[in-house]
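Commentary on secondary and tertiary structure
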Amino acid sequence: MNCRFCSAPLSSKFAELVNSPLSNSFLTRDQLNEPETYFPLTIYACSNCHLVQVDEYKNAREIFNNDYVYFSSYSTSWVAHAKRYVESMITRFGYNKESLVVEIASNDGYLLQHFNNAGVPVLGVEPTTNTARVAIEKGIPTLTEYFTADFAKLLVSLGKGADLVLGNNVLAHVPNINDFVEGLKIVLKPTGVVTMEFPHLLKMVEQCQFDTIYHEHYSYLSFTTVQKVFAAHGLELFDVEEQPTHGGSLRIFAKHVNDTSKAVTSNVARMLKKEADAGMLTREYYKSFQAQVNAIKNQFLRFLIECQDNGGKVIGYGAAAKGNTLMNYAGLKGNDLIKFVVDAAPSKQGKFLPGSHIPVYNEQKIAEYRPDYVIIFPWNLKDEIMNQLAYIREWGGQFAVFVPKLQVYNPNMEKVA
């Protein structure tokens with residue numbers, strides 16, 4: 001296996017999880033007795049360019065298909081984050097009715113709606129027809145297609161060169177990162193701006209966020225590596241911001257290398273130094289991750305078994321990829337330890353989680369079952385979720401998260417363990 005950016009041979013394993021189904025391949029009741037397809041989930045770190053990556057066992061077009069079940073607008077905090085981004089970009093770069101903003105993986109219009117409301121022309125590029133349909137119903141022009149260099153050429157030929165190209169949590173999802181970034185360069189106007197947000201590999205390692213590893217995430221990104229990738233395609237990173245989303249993300253700003261209208265900020269050198277000082281350019285940095293992963297898995301299982309032994313009732317909140325990675329690595333099968341999982345998305349309700357086959361219900365089921373513990377799988381949204389479910393105090397319920405370690409909260413959001 002060779003690095004998908006620099007083509008160097010990959011020999012350094014970063015993490016090895018169990019074979020598992022795709023994290024978003026939810027099952028209907030009729031499918032429960034059918035065989036599931038399991039794929040290896042092994043992560044490598046390139047010793048040359050330091051790109052951390054999973055081998056591509058499943059074609060992206062088969063993952064991001066018409067049955068895709070993630071709709072961004074179901075997270076109120078994520079929509080609010082998107083709105084703040086739009087406001088800051090309009091203030092900083094002056095986008096107006098003469099501009100064109102193109103979002104790649106625009107989902108259900110959660111972000112572009114805010115540019116649209118501000119009178120800034122937009123175009124969404126979204127490969128999944130079910131989410132694109134929702135965006136179109138909101139009045140967001142959306143093309144249902146995968147973004148590639150060839151598609152970027154088509155956009156330019158149609159007069160759709162972009163003043164701003166953005167992508168949130170998409171750069172890690174593309175199997176051919178070189179073709180994708182080349183497409184960014186092609187579609188970007190001479191003085192345009194690219195912004196990309198992605199979970200920061202530094203935070204993933206520091207906090208052992210191993211549950212963000214799944215087949216749909218082809219790459220795990222540092223600023224240093226992304227700078228190399230963009231430079232290889234004639235794009236220069238001129239600014240970077242740390243964001244609290246997804247447990248710690250980076251928002252990068254890029255421009256054409258020959259665009260002199262934007263100065264490179266001191267944030268760039270500062271982030272490069274921060275990553276180097278952490279040891280991210282060495283092999284040793286990645287060697288202890290697996291042991292931390294195993295410790296979390298063992299703590300998770302001990303908690304569940306102890307609850308069962310004591311007659312405690314446990315459910316999960318958030319039928320997210322994070323939870324599926326954790327539960328499948330822990331070997332859960334059936335709902336004897338976790339009775340069910342609740343999710344706000346109707347597209348997931350009434351189905352069963354891949355691998356574990358735990359049923360997914362709507363929130364009403366919580367009050368009916370009155371669990372002792374609600375495990376929050378999307379721990380990056382725990383404050384939002386604890387506020388939403390504060391009513392579990394009526395029967396003494398508590399919340400638990402497991403990354404980076406077991407933490408138990410009462411309904412007042414006070415940590416009790």
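Our structure's up above, just so we're on the same page.
These numbers were taken from a predicted model, which means no experiment stands behind them.

1. Notes on the overall build of the protein chain
Of regular secondary structure, the protein chain possesses 13 helices and 17 strands. Against the globule reference of 22 Å for 417 residues, the protein chain gives a C-alpha radius of gyration of 21 Å, in line with a compact fold. Along the first, second and third principal axes, the C-alpha set of the protein chain runs to 65 × 50 × 45 Å. Relative to its 417 residues, the protein chain shows a buried fraction of 56%. Contacts in the protein chain between residues far apart in sequence, at least 24 positions, make up 70% of those at least 6 positions apart. For the protein chain, the accessible surface area stands at approximately 16,900 Å², while carbon and sulfur atoms represent 49% of it. Seen as two clouds, the 39 positive and the 42 negative side-chain charges of the protein chain have centres 3 Å apart.

2. Observations regarding the sheet that holds strand β3 (residues 52–54)
If you trace the 4 strands from one edge of the open sheet to the other, you get β1-β2-β3-β9, paired in antiparallel fashion. The two strands at the open ends of the sheet, each matched to only one other strand, are β1 (12–20) and β9 (219–220). Summarising the sheet, β1 and strand β2 (residues 39–45) pair through 6 bridges and their orientation is antiparallel. Across the sheet, L17 pairs through a bridge with L41, a residue of β2.

3. Topic: unusual backbone geometry
Omega for the bond connecting V403 with P404 falls within 30 degrees of zero, at 5°, which places this linkage in the cis form. Relative to the elements of secondary structure, P404 occurs in the loop between β16 (398–401) and β17 (407–409). With a phi angle near 60°, A105 is a residue other than glycine that sits in the positive phi range. Mapping A105 onto the fold places it in the loop between β4 (101–104) and α3 (112–117). Given a relative accessible area of 23%, A105 falls into the partly exposed group. Of note in this structure, R370 is not a glycine but carries a positive phi near 55°. For R370, the location among the structural elements is in the loop between α12 (364–369) and β15 (373–376). Assessed through its relative accessible area of 40%, R370 is described here as partly exposed.

4. Some words on the nonpolar core
Nonpolar side chains in soluble globular proteins tend to end up buried together. Membership of the largest hydrophobic core comes to 46 residues, with the highest contact counts inside it found for F14, F210, I213, F300, I338 and I375. Elements that contribute at least two residues to this core include exactly β1, β2, β3, α7 (201–206), α10 (289–309) and α11 (321–329). At 7 residues, α10 tops the list of elements feeding residues into this core. Among residues more than four places away in sequence, those in contact with I213 are A15, L17, L41, I43, M204, Y220, F289 and T325. Of all hydrophobic cores here, the second largest spans 45 residues; its members include A172, V187, F230 and L250.

5. Here we look at the sheet that holds strand β6 (residues 142–143)
Ordered in space as β6-β5-β4-β7-β8-β11-β10, the 7 strands form an open sheet in which the pairing is mixed. Single-partner strands in this sheet number two, and they are β6 and β10 (235–243). Relative to strand β11 (residues 249–256), strand β8 (residues 188–199) is paired through 6 bridges, and the arrangement is antiparallel. Residue V194 lies in a different strand from β11, and its bridge partner there is A254.

6. Comments concerning helix α6 (residues 177–187)
Regarding α6, the residues found buried are I177, N178, F180, V181, G183, L184 and V187. Considering only its buried residues, α6 is in contact with β4, α5 (149–157), β7 (162–168), β8, α8 (223–231) and β10.

7. Digging into the side chain of H246
Take H246: it is sitting in the loop between β10 and β11. Within polar-contact distance, the side chain of H246 engages the side chain of N169 at 3.1 Å.

8. Focus on the pattern of salt bridges
It is possible for side chains of opposite charge to pair when their charged atoms get near one another. Tallied over the entire structure, the rule returns 11 salt bridges. With a shortest N-O distance of 3.2 Å, D163 and K189 are connected by a salt bridge. With D163 in strand β7 and K189 in strand β8, the pair connects residues that are 26 residues apart, well separated along the chain. For E197, the salt bridge identified is with R251, shortest N-O distance 2.8 Å. In this pair, E197 is assigned in strand β8 and R251 in strand β11, connecting sequence segments 54 residues apart.

9. Quick notes on the packing of aromatic side chains
Tallied over the full model, the rule gives 16 aromatic pairs. With a centroid separation of 4.4 Å and an interplanar angle of 15°, the aromatic rings of F14 and F289 are classed as stacked. Placement of the pair is F14 in strand β1 and F289 in helix α10, with a sequence separation of 275 residues. Judged by relative accessible area, which is 2%, F14 ranks as buried. Ring geometry for F93 versus F253: centroids 6.5 Å apart, planes at 40°, classification tilted. Of the two residues, F93 sits in helix α2 (residues 76–93) while F253 sits in strand β11, which places them 160 residues apart along the sequence. Site record: aromatic cluster; members linked through ring pairs are F14, Y285, Y286 and F289. Over the ring of F253 we find R92, and its NZ or CZ is 4.8 Å from the ring centre. Sitting above the plane of the W379 ring, K322 keeps its charged end 5.4 Å from the centroid.

10. Remarks on the pairing of β4
On β4, burial covers both faces: V101 and E103 on one face and V102 and I104 on the other are all buried. As defined by bridge partners, β4 adjoins strand β5 (residues 122–125) across 4 bridges and the pair is classed as parallel. Directly across from V101, in β5, lies its bridge partner V122. Where the polypeptide runs from β4 across α3 and back to β5, its parallel neighbour, the crossover connection is right-handed. Sheet analysis places β4 next to β7, joined by 3 bridges and oriented parallel. In the strand pairing of β7, E103 is matched with L166.

Quick notes on the rules
Residues numbered from 1 in each chain as written. Predicted model: local features only at pLDDT ≥ 70, side-chain atom pairs only at ≥ 80, totals over all residues. Heavy atoms only, no water. Helix = DSSP H or I, 4+ residues; strand = E, 2+ residues; numbered from the N terminus. Rg over C-alpha atoms; globule rule 2.2 N^0.38 Å. Buried < 20%, exposed > 50% of the residue type's maximum accessible area, 1.4 Å probe, protein only. Contact = heavy atoms within 4.5 Å. Areas by Shrake-Rupley, 256 points an atom, 1.4 Å probe, with all protein chains shown as cover. Lys, Arg positive; Asp, Glu negative; His and termini not counted. Charge placed at Lys NZ, Arg CZ, Asp CG, Glu CD. Pairing = 2+ DSSP bridges. Core = buried A, V, L, I, M, F, W, Y, C linked by side-chain atoms within 4.5 Å. Polar contact = N/O pair within 3.5 Å; in protein donor to acceptor, adjacent residues only side chain to side chain. Salt bridge = Lys/Arg side-chain N within 4 Å of Asp/Glu carboxyl O. Phe/Tyr/Trp six-rings, centres within 6.5 Å; stacked < 30°, edge-to-face > 60°. Lys NZ or Arg CZ within 6 Å of the ring centre and 35° of its normal. Right-handed = clockwise from strand over helix to strand, strands pointing away.

Purely geometric numbers; function is a separate question.
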